[in-house]
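The primary structure of each chain is shown beneath.
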Amino acid sequence: MTTFVDRVELHVAAGNGGHGCASVHREKFKPLGGPDGGNGGRGGDVTLVVDQSVTTLLEYHHSPHRKATNGQPGAGDNRSGKDGQDLVLTVPDGTVVLDKKGNVLADLVGQGTTFVAGQGGRGGLGNAALASARRKAPGFALLGEPGEARDIVLELKTVADVALVGYPSAGKSSLISVLSAAKPKIADYPFTTLVPNLGVVTAGSTVYTIADVPGLIPGASQGRGLGLEFLRHVERCSVLVHVLDTATLESERDPVTDLDVIEEELKQYGGLEDRPRIVVLNKIDIPDGQDLADMIRPDLEERGYQVFEVSAVARTGLKELSFALAGIVAEARAAKPKEEATRIVIRPKAVDDAGFTVTYDEHEEVYRVRGEKPERWVRQTDFNNDEAVGYLADRLNRLGVEDALMKAGARAGDGVAIGSEDNAVVFDWEPTMMAGAEMLGRRGEDHRLEAPRPAAQRRRDREAERFDPQREYDEFDPF
């Protein structure tokens, strides 16, 4: 059974906003009570929060689909809908959030660090909020926006000060068990350790964490063994410790060659060239191990390595190693820049920024409008209500979409699409559409929408010609 997971694909969906309510106040002796529809509630967000008591992503491996609750719709008597409840997902310290393409969205380090993975949809306005001096009794309300839904990848990179690297069965698990209170599985066969082990070491006044990274063999950086899965766990460390087996039973291996192979894999992985290295010659309690350590130590010191001879079984040389690591960790911590309090940066938009763009799509023969406001207004419009559609036209006119279409060369009857290619609303543009409550008829109607739609008819004719079965038969009839 899987007990440790450090990479998962998570499907998150924020809550949808509640719809606004279109209602008219009704009370005895008050036939014209006015609009009293309430606003819809906001959809819940999906938020990732660092919790240091969580050490694995196992929970999301078993249930990768997570959704926040929706906002409630508004009601009459000016009652607003209830906001959706935010969904808080706890993740381990050191979790990196990526999109499907591998781009880093957030690096979550430190207790309480948060990241909004999915933004909840806005609630729609009720007709009470839409009432104005020109439109005193709106017969419509705005729809709630859908919540943000996307797929993200969570990768765990262990937050440790010291990383133990080396061949399988080199004694890394034994070393971490005697240096700290960690109790990893220890056995005399390769790949005993299948997950990174983390321990806390106290050396004098310095307290640091030490991690055992399993599975490094030749070709690990290209995916052989378990190394590629766990090499990411050494990225945050301050010092790398090469644990070399001086009592290996394999005749074709020796400690110096093992060191060169692991260094090559670290080089191929990249990003670790600036980390200080320490070499630990383990298993010197065995006579042959001590003899081999005496032979190769001068060669390693000539390369510039600081070498320690230890025995995890006999517990010799551990104190010197522990304090040496503590000194390197303390220097690395002192060299780090001091963390400053997060400053709130306000970046107001330019005054002349229209907030939308107008381009001509030659393939679809429409003018395409893209922008946050126009697309949001389209999502919030109930197209089954003519008055709501007329209100959308008034808002687009005030935003300046009509002027931009004229500058782009659009003429009356041309098709206009608002939104992306796969999810756009297409309508025929009429430049004479002006705001004015005097043009409205009964509640829920808009006479401006009764005009003919030549662009829509042209699109229908073009689609009919494209898929006319008789035309295809005539073209391919051999007789």
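Now for a description of the structure that goes with this document. (Residues numbered from 1 in each chain as written. Predicted model: local features only at pLDDT ≥ 70, side-chain atom pairs only at ≥ 80, totals over all residues. Heavy atoms only, no water.)

Thoughts on the overall build of the protein
From N to C terminus, the protein includes 12 helices and 18 strands. Every one of the 479 residues in the protein was classed for burial, and the buried ones make up 46%. Look at the contacts in the protein between residues 6 or more apart in sequence, and 71% of them connect residues 24 or more apart. Total accessible area on the protein stands at roughly 26,200 Å², and carbon and sulfur atoms take up 51% of it. (Helix = DSSP H or I, 4+ residues; strand = E, 2+ residues; numbered from the N terminus. Buried < 20%, exposed > 50% of the residue type's maximum accessible area, 1.4 Å probe, protein only. Contact = heavy atoms within 4.5 Å. Areas by Shrake-Rupley, 256 points an atom, 1.4 Å probe, with all protein chains shown as cover.)

Some points on the nonpolar core
Within the largest apolar cluster, 26 residues are counted, with the highest numbers of intra-cluster contacts made by Val162, Leu175 and Leu321. Elements supplying a minimum of two residues to this core: strand E9 (162-165), helix H3 (172-179), strand E10 (197-203), strand E11 (206-212), strand E12 (239-245), strand E13 (277-282) and helix H7 (318-335). In terms of residue count, the dominant contributor to this core is H7 (7 residues). When neighbours within four sequence positions are excluded, Leu175 is seen to be in contact with Leu164, Val243, Val280, Val310, Ala312, Leu318 and Leu321. Core analysis: the next-biggest nonpolar cluster, separate from the first, contains 21 residues, Val97, Ala106, Phe115 and Ile152 among them. (Core = buried A, V, L, I, M, F, W, Y, C linked by side-chain atoms within 4.5 Å.)

Overview of empty space enclosed by the protein
All chains considered together, the criterion is met by 1 cavity of 30 Å³ or more. Taken as a whole, the largest cavity spans an internal volume of roughly 50 Å³. In terms of lining residues, the largest cavity is bounded by Val165, Gly166, Tyr167, Ala170, His242, Val243, Leu244, Asp245, Arg253, Asp258 and Ile262. The set of elements that each furnish at least two residues to the lining of the largest cavity consists of E12 and helix H5 (255-269). Per element, the largest residue contribution to the lining of the largest cavity is 4 residues, and it comes from E12. Taken together, the residues that form the lining of the largest cavity break down as 6 nonpolar, 2 polar and 3 charged. (1 Å grid on protein atoms, 1.4 Å probe; cavity = no way out; pocket = protein on both sides within 12 Å on 5 of 7 lines; lining within 4 Å. Points joined across faces, edges and corners; volume = space filled by probe spheres on them. Nonpolar A, V, L, I, M, F, W, Y, C, P; charged D, E, K, R; others polar.)

Some thoughts on the pairing of strand E14 (residues 306-309)
Examined bridge by bridge, E13 and E14 share 4 bridges and lie parallel to one another. From the neighbouring strand, Ile278 faces E14, where its bridge partner is Gln306. (Pairing = 2+ DSSP bridges.)

A short note on the pattern of salt bridges
By the definition in use, this model includes 20 salt bridges. When the shortest N-O distance is used, the salt bridge between Arg135 and Glu387 registers 3.8 Å. With Arg135 in the loop between helix H2 (127-130) and strand E8 (149-156) and Glu387 in helix H9 (residues 386-399), the pair connects residues that are 252 residues apart, well separated along the chain. Each of the two residues, Arg135 as well as Glu387, counts as buried. Glu301 is paired through a salt bridge with Arg297; the nearest N and O atoms lie 2.9 Å apart. Of this pair, Glu301 and Arg297 both sit in helix H6 (residues 287-302), 4 residues apart, roughly one helical turn. Relative accessible area serves as the criterion here: at 41%, Glu301 is assigned to the partly exposed category. On the basis of relative accessible area, Arg297 is assigned to the partly exposed category, the value being 27%. Taken together, the shared-partner salt bridges connect Arg42, Asp45 and Asp86 into one network. (Salt bridge = Lys/Arg side-chain N within 4 Å of Asp/Glu carboxyl O.)

Notes on the side chain of Thr246
Its place among the elements puts Thr246 in the loop between E12 and H5. Here the side chain of Thr246 touches Asn282 through a polar contact of 2.6 Å, landing on its backbone oxygen. Apart from residues no more than four positions distant in its own chain, Thr246 is found in contact with Pro255, Leu281, Asn282, Lys283, Ile284, Asp288, Gly289, Leu292 and Ala293. (Polar contact = N/O pair within 3.5 Å; in protein donor to acceptor, adjacent residues only side chain to side chain.)

Quick look at unusual backbone geometry
In this structure, Arg315 is a non-glycine residue whose phi angle is positive, near 60°. Relative to the helices and strands, Arg315 resides in the loop between E14 and H7. Positive phi outside glycine occurs at Glu365, with the angle close to 60°. Tracing the sequence through the fold places Glu365 in the loop between strand E15 (356-361) and strand E16 (366-371). Judged by its relative accessible area of 42%, Glu365 falls in the partly exposed class.

Keep in mind these numbers describe shape, not what the thing actually does.
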